[in-house]
Amino acid sequence: TSVSFAAQLATFPLGLLYFHQFPTYFFISNLIVIPAATIIIILSLILLITSFWNILFEFFGKILDNFTYWLNYSVEHIDYLPFSLIKGISINVIETFSIYSFIILFTIGLVYKKIKYINYSAIIIITLLSFDLYENHFLRETKKMIVYSLDDNLAIDFIYGKNHVFLYNNNLIKNKSTMRFNIYNNWDNLDLNDAIYKDLSDDISINIVENNDTILKINNNMISFYEYNIFIADENASNNIQNKNLDYILLLNNYKDNIYNKIDTNTKLLSLFNLSYKQKTKLEAININEKKIYNVRKDGAFIWKK
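Described in the following lines is the structure provided in the data block. Keep in mind that this is a model prediction, so the values were computed, not measured. (Residues numbered from 1 in each chain as written. Predicted model: local features only at pLDDT ≥ 70, side-chain atom pairs only at ≥ 80, totals over all residues. Heavy atoms only, no water.)

Per the stated rule, a full pass over the model turns up 22 aromatic pairs. Plain terms: the ring middles of Phe26 and Phe27 are 5.8 Å apart, the flat faces sit at 85° to each other, and that makes the pair edge-to-face. Owing to a relative accessible area of 10%, Phe26 belongs among the buried residues under this scheme. Residues Phe102 and Phe106 carry aromatic rings whose centres are separated by 5.8 Å and whose planes lie at 25° to one another, so their mutual orientation is stacked. Here Phe106 and Phe102 lie together in helix α4 (residues 93-111), a separation of four residues that amounts to about one turn. (Phe/Tyr/Trp six-rings, centres within 6.5 Å; stacked < 30°, edge-to-face > 60°. Buried < 20%, exposed > 50% of the residue type's maximum accessible area, 1.4 Å probe, protein only. Helix = DSSP H or I, 4+ residues; strand = E, 2+ residues; numbered from the N terminus.)

Here we come to the nonpolar core. Core analysis: the largest hydrophobic core is formed by 29 residues, its most contacted members being Met145, Val147, Ile156, Phe158, Leu216, Phe225 and Phe302. Once you skip the residues sitting within four places of it in the chain, Met145 turns out to touch Ile156, Asp157, Phe158, Phe225, Ile230, Tyr248, Phe302, Ile303 and Trp304. Counting residues in hydrophobic clusters, the runner-up holds 16 residues, among them Ile249, Tyr255, Leu275 and Ile288. (Core = buried A, V, L, I, M, F, W, Y, C linked by side-chain atoms within 4.5 Å. Contact = heavy atoms within 4.5 Å.)

Time to look at the sheet that holds strand β13 (residues 293-295). Spatial strand order, β7-β8-β9-β10-β11-β12-β13: seven strands in an open sheet with mixed pairing. If you trace the sheet from one side to the other, it starts and ends with β7 (205-210) and β13, each paired once. Averaged over all pairs of adjacent strands, the angle between their axes in this sheet comes to 20°, without regard to strand direction. Sheet topology note: the strand β12 (residues 268-271)/β13 ladder contains three bridges and is parallel. The partner of Leu269 across the bridge, within β13, is Ile293. (Pairing = 2+ DSSP bridges. Axes fitted to C-alpha atoms, helices over the stretch in contact; angles between N-to-C directions.)

Once that is clear, we can look at the layout of surface pockets. Using a probe with the size of a water molecule, rolled over the atoms, empty space left in the structure can be pinpointed. By volume, the largest pocket is sized at about 520 Å³. Taken together, 19 residues make up the lining of the largest pocket; nearest its centre are Lys87, Arg180, Tyr184, Asn185 and Asp188. Among the elements of the structure, α1 (2-19), β2 (85-87) and α6 (176-189) are those that each provide at least two residues to the lining of the largest pocket. Of the residues forming the lining of the largest pocket, the biggest block, six residues, is contributed by α6. Residue classes in the lining of the largest pocket are distributed as nine nonpolar, five polar and five charged. (1 Å grid on protein atoms, 1.4 Å probe; cavity = no way out; pocket = protein on both sides within 12 Å on 5 of 7 lines; lining within 4 Å. Points joined across faces, edges and corners; volume = space filled by probe spheres on them. Nonpolar A, V, L, I, M, F, W, Y, C, P; charged D, E, K, R; others polar.)

The structure is reproduced here in structure tokens:
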């Protein structure tokens, strides 16, 4: 039990930094994992030693295989318990070092009965909590559009405070690994509430108003976010585009050629793919060269802040 708590105390800040989560039943799972890991190491060494004798090798191999299966089975079932994992916790590197400093100073004060070290640790934790409150206040004022850099996928966040609308295509949200590593981590960092999901392949109509001001209006491919007009140019572009000033046009790799006569030289073009020579030539014909185009795949996610 003491090893379990010591290990968790030493590693949980790194777990928060890299994985944004905390296992609440670690003291139960570690009581299984720690002794089981010792047995697995011993069995593995025996397996290595007996690798020249097939009968013994197969015998200990089956024991090791069954024991490892039992260990994984036990840990998975603990993970299925209610509230087994606290997710969505986000800290930065400075906060990680601050937590470690708190742990070290508090431990020194406790072990050597030095009240000044406990006071130092209290100052650190109060400062950390104050910074977190300030950060939460700052994030509530966030007004941001993020066009993520993903292969063959459209993924846009329209963020207003802690709320946001997530626009996507190609059933992106079913791809759990892509969502976890490219999208969810960013949501944790921004401390966002649950998203409103909208699939571009569906007929979309959404109108979000706060204090009599329209924050976000989506009508299929046409989007108004605060005072900015955005158009998503895909295979349906000719059906939905309107003759109005566009601040941004997002080029998907299946957009129709007749989009060119709708592009104004003041419009910012965001390309989700690498343009072909033919496409570059057509854009240059309307006085838009490659330098005026932001290539999301090449240059990374496009972030607009108000």
